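Summary of structural features
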Amino acid sequence: LFAIFAFATCGGYSGGLRLSVDCANKSESDLSIDIAFAYPFRLHQVNFDAPTCEGKRREKLSLIGDFSSSAEFFVTIAVFAFLYSLAATVVYIFFQNKYRENNRGPLIDFIVTVVFSFLWLVSSSAWAKGLSDVKIATDPDEVLLLMSACKQQSNKCLPVRSPVMSSLNTSVVFGFLNFILWAGNIWFVFKETGWHSSGQRHAADTMEKQSSSYNQGGYNQDSYGPAGGYNQPGSYGQVGEYGQSQSYGQSGPTSFANQI
């Protein structure tokens, strides 16, 4: 859905501007010069006629710039992202078993998602710069500077209508939203690959081995076992100078007194 909005707002754009040239000789004036342009913004191919204010002679001019590369790149990525999303949805719903077979489907999905995330970032950045250049090239004040009649102070050149760029601005916004959407989806596709669960199992096995090694050490043995003397009834154990256990008495107070 986001991809549709991205390529529709850019690829379906058409706009225009209107200029007015009021010559000193009113009969030579042209108060409504319409200049139309559209996607893919090959502005150098947009031609228009303007009065020269020197008799009835008119000059043929064209806008400046070719911004088709960034615009077409952006729209192409949006179209392919839409097609892949549509195909992936069909696979998720109807071919789930084949998708998970040998972990090949999630792996391909993960790689494609990473690639599209990168392409969305590049294409959106390129188109944002291209749109900025389109705005400058179609600025009525900039276009008036191309006319020879407007270089004479006796003539009045005015912009009548500027192009509306709201849909193109929206396309840039949707481009970066698509980047955020696809980049955020990398984590969820990564979990489908099995690498995430295998990493968790490896961490759990490591912790289990460490715990097992710890339990097999000195703390796993009963500190108050037979060697300590307290584990036997009626026996009072004492650890000697060199850590050897010494026992006093085997049968209660009488034995203890006799040994003393």
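What you see as residue numbers is a count from 1 along each chain, following the sequence as written. Note on the predicted model: pLDDT of at least 70 is required for a residue's local features to be given, and 80 or more for side-chain atom pairs to be given and counted; whole-chain, interface and lining totals, by contrast, use all residues. The basis for every side-chain value is the complete set of non-hydrogen atoms in the structure, without hydrogens or water.

Under an unreviewed UniProt entry, the name given to the chain is SYNPR protein, and the organism recorded is Himantopus himantopus. UniProt positions are given in the numbering used here, feature names are shortened, and annotations may be inferred rather than shown by experiment. Looking at the chain in UniProt, the text filed under Sequence similarities (unreviewed entry) is "Belongs to the synaptophysin/synaptobrevin family."

Here we look at the side chain of Ser171
Secondary structure is summarised from DSSP: a helix means a run of H or I of at least four residues, a strand means a run of E of at least two, and numbering begins at the N terminus for each. By the secondary structure assignment, Ser171 is in helix α6 (residues 166-192). Its relative accessible area of 0% is what places Ser171 among the buried residues. Separated by 2.5 Å, the side chain of Ser171 and the backbone oxygen of Leu168 make a polar contact. The contact definition used throughout considers only heavy atoms, calling two residues in contact when any of these lie within 4.5 Å. Once residues lying within four places of it in the same chain are set aside, the contact partners of Ser171 are Ala6, Thr9, Cys10, Phe74 and Trp127. Exposed residues in this analysis have more than 50% of their type's maximum accessible area, buried residues have under 20%, and partly exposed residues fall in between, with area computed by a 1.4 Å probe over protein chains only. Residues adjacent in sequence count toward polar contacts only when both atoms are side-chain atoms; beyond that, a polar contact is any pair of N or O atoms within 3.5 Å, and within protein one must be able to donate a hydrogen and the other to accept it.

With respect to the packing of aromatic side chains
Here the aromatic set is Phe, Tyr and Trp, taking the six-membered ring for Trp, and pairing holds for ring centres within 6.5 Å; pairs whose planes are under 30 degrees apart are stacked, those over 60 apart are edge-to-face, and all others are tilted. By the definition in use, this model includes 14 aromatic pairs. Measuring from centroid to centroid gives 6.0 Å for Phe74 and Trp120, while their planes differ by 75°, and the two rings are edge-to-face. A residue pair is termed long-range when its members are at least 10 positions apart, and Phe74 in helix α2 (residues 68-94) and Trp120 in helix α4 (residues 104-137) qualify at 46 residues. Residues Phe74 and Trp120 agree in their burial class; the two are buried. Each ring, one from Tyr84 and one from Trp182, has its centre 6.3 Å from the other, and the planes form 40°; the classification is tilted.

As for the side chain of Thr9
Positionally, Thr9 belongs in helix α1 (residues 2-11). A polar contact of 2.7 Å, which involves the side chain of Thr9, links it to the backbone oxygen of Phe5. Separated by 3.1 Å, the side chain of Thr9 and the backbone oxygen of Ala6 make a polar contact. With near-sequence residues (within four places) excluded, Thr9 lies in contact with Ser167, Leu168, Thr170 and Ser171.

Overview of the environment of Leu158
Of note, Leu158 is situated in strand β5 (residues 156-161). Sequence separation between Leu158 and Asp141 is 17 residues; the distance between their C-alpha atoms is 7.9 Å. When neighbours within four sequence positions are excluded, Leu158 is seen to be in contact with Leu19, Ser20 and Leu144.

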